[in-house]
Structures are given as structure tokens and as C-alpha cells.
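A structural walkthrough
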Amino acid sequence: MGRYFAALDAGCREVAAVAGRWGGNGDCIVEGFSRVPSKGFRGKGVVTDAALATGSIAGVLDKLRQKTGKKIQRVYAGVSAASVGVVPSSGVLLLSRYGREISDRDIKKCVRLASTVKMPLDREPLHTIVRGFSIDGEEGIRNPLNLEGVKMETGVNILTINSSVINNISGCIARAGFVPAGFVFSGLASVCRVLPEEDREAGAALLDIGSDLTEVMAFHRGVLQGCWVFQSGAADISTDSGNVNGDSLRELASQMVSLPGWKKVRRIVVTGEGLLMDDLIESLENIFAIPVAPGTFIARPFKDLPPDRARYMGCPGLLPYMVQDP
């Protein structure tokens, strides 16, 4: 409790950081914020020049320490790359021949069994997302705690990324004089700040169009069903006049519809630099024939951010996926 940390959002144009600490009731207290021009990065957290990226990280975090006067060592960072993918898996736990009540320990063990999968040496798991549980064949159970059964099964989606992406930014953080504490898929951080829970329950997709990277995530019943990251961005789907390039947008849409869980999508929320194109929302509605809306930043609980909070929202969006220090 009371330890200070930094959440880092390294984009291709700016590197932003927020200093925070955990409060007594487990909430995060924002202590300060800073940003500097980005050098050595492409997309979100992908290092293209180690020396320049290290300088950018050192610059923004040193500036943060000077502004707050706090001793910051641990750094969490958002990452994204075209290598991001979802691996579905499942696990079964035999509880008792005659059945018994399910404990929190049983739930964790079942999830751990489901998460044990063979993975190529060049891949690394970022997140394990539980899809749901079943007890003795009865499906659709979200929380099996204190229920009774003989056998419990769970399905998970394991979100993975190329190990080199993690290793490279981790090395830059360490060379800058800080401790890499953990990494979060920036797409999930975006979801926390723009996609309301009711949309995730009903079936929605977040389309985050950056300058050179596009993230698409489909949700249903509150769970991430599938995600893709495309190595293209706003510049690739716009014309020289700043309008939407219809052919390029339709090509992107043709790939989106094959995303796992897309058939459950009833609404699309768009964020990122793609919103600068005036006719993007209308074009997407014409293609998909479902409602499309621009993303609105969810300020709470980040009310202490500055007026230009949109530049920092990628940082506190990491918080739900960070592990509190003991």
C-alpha cells in the first residue's frame, strides 16, 4: 500500500505517463502526469530504435518524478502489435465423486488448468480471459462460487503476443533506470475507457483506428470473444483530402466480419485518429447495417487528470489489469 508506480502509454507520436499509488480501499490515486514527443516507437509500444525509445521513456518518467516529487520505480506499459492473437482453451476439474460445494481455490485451479497450453517459444501470454463455467454439463454459469457439483469446466481465451515485443520494451524500461512491472494489451485499456459495460454485455465491437495500427475487439456477455490488430491505420483508409477511402474501408470490414464473436455484435464504437474523417461513422453504418457511434471517454475514476485528459486515457486504462503490490 502507498507505493508509487507509473502507467506508460508509448505511441508513435507521444509517450504519456501517469503516476499513481494504491489507496487504502484498493482504488488508484493519481499523483501526476506528463508526456513527451515519441521517438523510437511504432504503433503502441513496438520498439524500432532501442536507444531512442529508452530516451523517450527516461524523458517522460524523469519529468513525471520531477513534477510529483515521488520515488517511482515500477512501470506498467501498454503494448500492441499485429502479432496479437487469441488462443481458446478449456479445462476440467473433478470436484468429488458425490459432489461438493465449489470454493474460490477450486475456481482458480480450474482456470489454471485451462490456461496450461503449449505455446511456441516466440509467443508470450498477456492475459487469460474467462469465458464462463459449466457444472456437470450445465452451461452459462458466470460465478460458480458456493455452487455444488461433481465436475466443473471452464473456457478461457488466452491473449498472446510475440515475445520480442515484450522483451524489447522491457529492456528499454530497464535501461532507462526503472523496473518493468507488467504489460497490458492496449486494446483492453481502450475498452476500459470508452466501451460501457452494458455494450459489452449486449454485444459490441470496439474499433480503435490509430495512425498506423488498427485494433478490433468483439465482446458479448461481457467477455472478449476475439480480437485482431491490423498493421494499417487512419492514413491507409483515408484519401488525400481527408475523406474515407471506400475500397480500403470495405477491405478492412471484410476481415472484421470473420472475427470470432462478430455475429453477436449489435453495435460498433469507434475511437482513435480515424474519427478525424467526417464520413467514417456514416460509411461504417452503410457497410455493416448496425449502429456505429464515436467513443466517448469515460472519465471516472480519472477525474484528477488534466483538461487534455484524452491524451492520457491510455494510461489509467491499464489499471484494471495491473496487480496491486502487497
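Heads up: these notes are all about the structure in this document. Please read all numbers here as calculations on a predicted model, not as lab measurements. (Residues numbered from 1 in each chain as written. Predicted model: local features only at pLDDT ≥ 70, side-chain atom pairs only at ≥ 80, totals over all residues. Heavy atoms only, no water.)

Counted by the stated rule, this structure contains one cavity of 30 Å³ or more. Taken as a whole, the largest cavity spans an internal volume of roughly 40 Å³. Phe5, Ala7, Val18, Cys28 and Leu319 are, among the ten residues lining the largest cavity, the residues nearest its centre. Sorting the residues of the lining of the largest cavity by element identifies strand 1 (4-10), strand 2 (14-22) and strand 3 (28-37) as the ones contributing at least two each. Among the elements that take part in the lining of the largest cavity, strand 2 stands out by supplying three residues, more than any other. When its residues are assigned to classes, the lining of the largest cavity shows nine nonpolar, one polar and no charged. (1 Å grid on protein atoms, 1.4 Å probe; cavity = no way out; pocket = protein on both sides within 12 Å on 5 of 7 lines; lining within 4 Å. Points joined across faces, edges and corners; volume = space filled by probe spheres on them. Helix = DSSP H or I, 4+ residues; strand = E, 2+ residues; numbered from the N terminus. Nonpolar A, V, L, I, M, F, W, Y, C, P; charged D, E, K, R; others polar.)

Moving on, we get to the side chain of asparagine 157. Relative to the helices and strands, asparagine 157 resides in strand 12 (residues 151-162). Overall, asparagine 157 belongs to the buried group, its relative accessible area being 4%. A distance of 3.0 Å separates polar atoms of two side chains, one belonging to asparagine 157 and the other to arginine 131. A distance of 2.8 Å separates a polar side-chain atom of asparagine 157 from the backbone oxygen of leucine 224. Setting aside chain neighbours within four positions, we find asparagine 157 in contact with Val86, Val87, Pro88, His127, Thr128, Ile129, Arg131, Leu224 and Gln225. (Buried < 20%, exposed > 50% of the residue type's maximum accessible area, 1.4 Å probe, protein only. Polar contact = N/O pair within 3.5 Å; in protein donor to acceptor, adjacent residues only side chain to side chain. Contact = heavy atoms within 4.5 Å.)

Turning next to a negative patch on the surface. A cluster of acidic side chains, namely Asp136, Glu138, Glu139 and Glu153, defines a negative patch on the protein surface. Relative to the assigned elements, glutamate 138 resides in strand 10 (residues 138-141). With a relative accessible area of 55%, glutamate 138 lands in the exposed category. (Patch = residues over 30% accessible without salt bridge, like charges linked within 9 Å, V, L, I, M, F, W, Y side chains within 5 Å. Areas by Shrake-Rupley, 256 points an atom, 1.4 Å probe, with all protein chains shown as cover. Salt bridge = Lys/Arg side-chain N within 4 Å of Asp/Glu carboxyl O. Lys, Arg positive; Asp, Glu negative; His and termini not counted. Charge placed at Lys NZ, Arg CZ, Asp CG, Glu CD.)

What follows is about the nonpolar core. By size, the foremost hydrophobic cluster in this structure holds 49 residues, and its most contacted members are Leu61 and Phe185. With six residues, the single largest contributor to this core is helix 1 (residues 50-68). Among residues more than four places away in sequence, those in contact with leucine 61 are Ala6, Ala17, Val75 and Phe178. Counting 24 residues, the second-largest nonpolar core is a separate cluster that includes Ile209, Val216, Met256 and Val265. (Core = buried A, V, L, I, M, F, W, Y, C linked by side-chain atoms within 4.5 Å.)

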